[in-house]
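Coordinates in review
These are the residues of each chain, in order.
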Amino acid sequence: MTTLRAFTCDDLFRFNNINLDPLTETYGIPFYLQYLAHWPEYFIVAEAPGGELMGYSAAKLMLCMFTVMGKAEGSVAREEWHGHVTALSVAPEFRRLGLAAKLMELLEEISEKKGGFFVDLFVRVSNQVAVNMYKQLGYSVYRTVLEYYSASSGEPDEDAYDMRKALSRDTEKKSVIPLPHPVRPEDIE
């Protein structure tokens, strides 16, 4: 039976099987520790019966124009308070089991409880498997962010979709009305 639990510092030494996927953004240990310290309720791991890590999500709740490793951010007055999915990754051997959907559901529930208007995330335009999964989960493309992802080995930088899902507090669904033009990373608050 899969166990969903809070991410711990010890998990930083156990999640290479998840994090070394070419489509997963990786960060330094201080970055993960910052999320663990500031938004622990948004940092969730899926563990297999044998103890191996199957996947994780990180998010945050934010107070700004946009946001499982995640967080909360944005402005309540401007109806921008939201959950932001920073990372969602499942180890290749545990994909297609519904883990990503379950982790996203938990992050959405936390964002609802914290009074968020929406949940957002960034995904590579080329990662159509992920884009389609998020669409199945009710997310839509809010805007394209030009050259959001840095390329390696001399290739051009890659665009991202900023995808959003309105939560119950956004009764008029204003937060998911698509922007008519792309933006640059420096235009994102």
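Residues numbered from 1 in each chain as written. Predicted model: local features only at pLDDT ≥ 70, side-chain atom pairs only at ≥ 80, totals over all residues. Heavy atoms only, no water.

For the rest of this paragraph, the subject is the overall build of the protein. A count of helices and strands for the protein gives four helices and eight strands. Relative to its 189 residues, the protein shows a buried fraction of 49%. Carbon and sulfur atoms provide 55% of the accessible area of the protein, an area that totals close to 9400 Å². (Helix = DSSP H or I, 4+ residues; strand = E, 2+ residues; numbered from the N terminus. Buried < 20%, exposed > 50% of the residue type's maximum accessible area, 1.4 Å probe, protein only. Areas by Shrake-Rupley, 256 points an atom, 1.4 Å probe, with all protein chains shown as cover.)

In this structure, Tyr-56 and Tyr-134 are the most contacted members of the largest nonpolar core, which totals 40 residues. Of all elements in the fold, only helix H2 (29–38), strand S2 (44–47), strand S3 (53–63), strand S5 (81–90), helix H3 (99–113), strand S6 (118–124), helix H4 (128–136) and strand S8 (158–166) reach the threshold of two or more residues within this core. Residues Phe-122, Tyr-149, Val-183 and Ile-188 belong to the second largest nonpolar core, which totals six residues. (Core = buried A, V, L, I, M, F, W, Y, C linked by side-chain atoms within 4.5 Å.)

A word on the confidence of the model for the protein. The share of residues in the protein with pLDDT of 70 or more is 88%, and the mean pLDDT across the chain is 83. In this model, residues 62–68 is a region of pLDDT below 50 whose contacts with residues beyond four sequence positions or in other chains number 59 contacts. (pLDDT = per-residue confidence, 0-100. Contact = heavy atoms within 4.5 Å.)

The next subject is the pairing of S8. Sheet analysis places S6 next to S8, joined by seven bridges and oriented antiparallel. In the sheet register, Arg-124 faces S8, and the bridge partner there is Ala-160. (Pairing = 2+ DSSP bridges.)

Right, let's get into the packing of aromatic side chains. Here the distance between the centres and the angle between the planes together describe a pair of aromatic rings. In this structure the tally under the stated criterion is six aromatic pairs. Considering the side-chain rings of Phe-122 and Tyr-148, the 4.7 Å spacing of their centres and the 20 degrees angle between planes classify their relative orientation as stacked. On the criterion of sequence distance, the pair formed by Phe-122 in strand S6 and Tyr-148 in strand S7 (residues 140–149) is long-range, its members being 26 residues apart. Residue Phe-122 is classed as buried on the basis of its relative accessible area, which comes to 13%. Ring centres of Tyr-148 and Tyr-149 lie 5.0 Å apart, and the angle between their planes is 90 degrees; this geometry places the pair in the edge-to-face category. On the basis of relative accessible area, Tyr-148 is assigned to the partly exposed category, the value being 32%. Judged by relative accessible area, Tyr-149 falls into the buried class, the value being 9%. Joined through ring pairs, the aromatic side chains of Phe-7, Phe-31, Tyr-32 and Phe-43 make up one cluster. (Phe/Tyr/Trp six-rings, centres within 6.5 Å; stacked < 30°, edge-to-face > 60°.)

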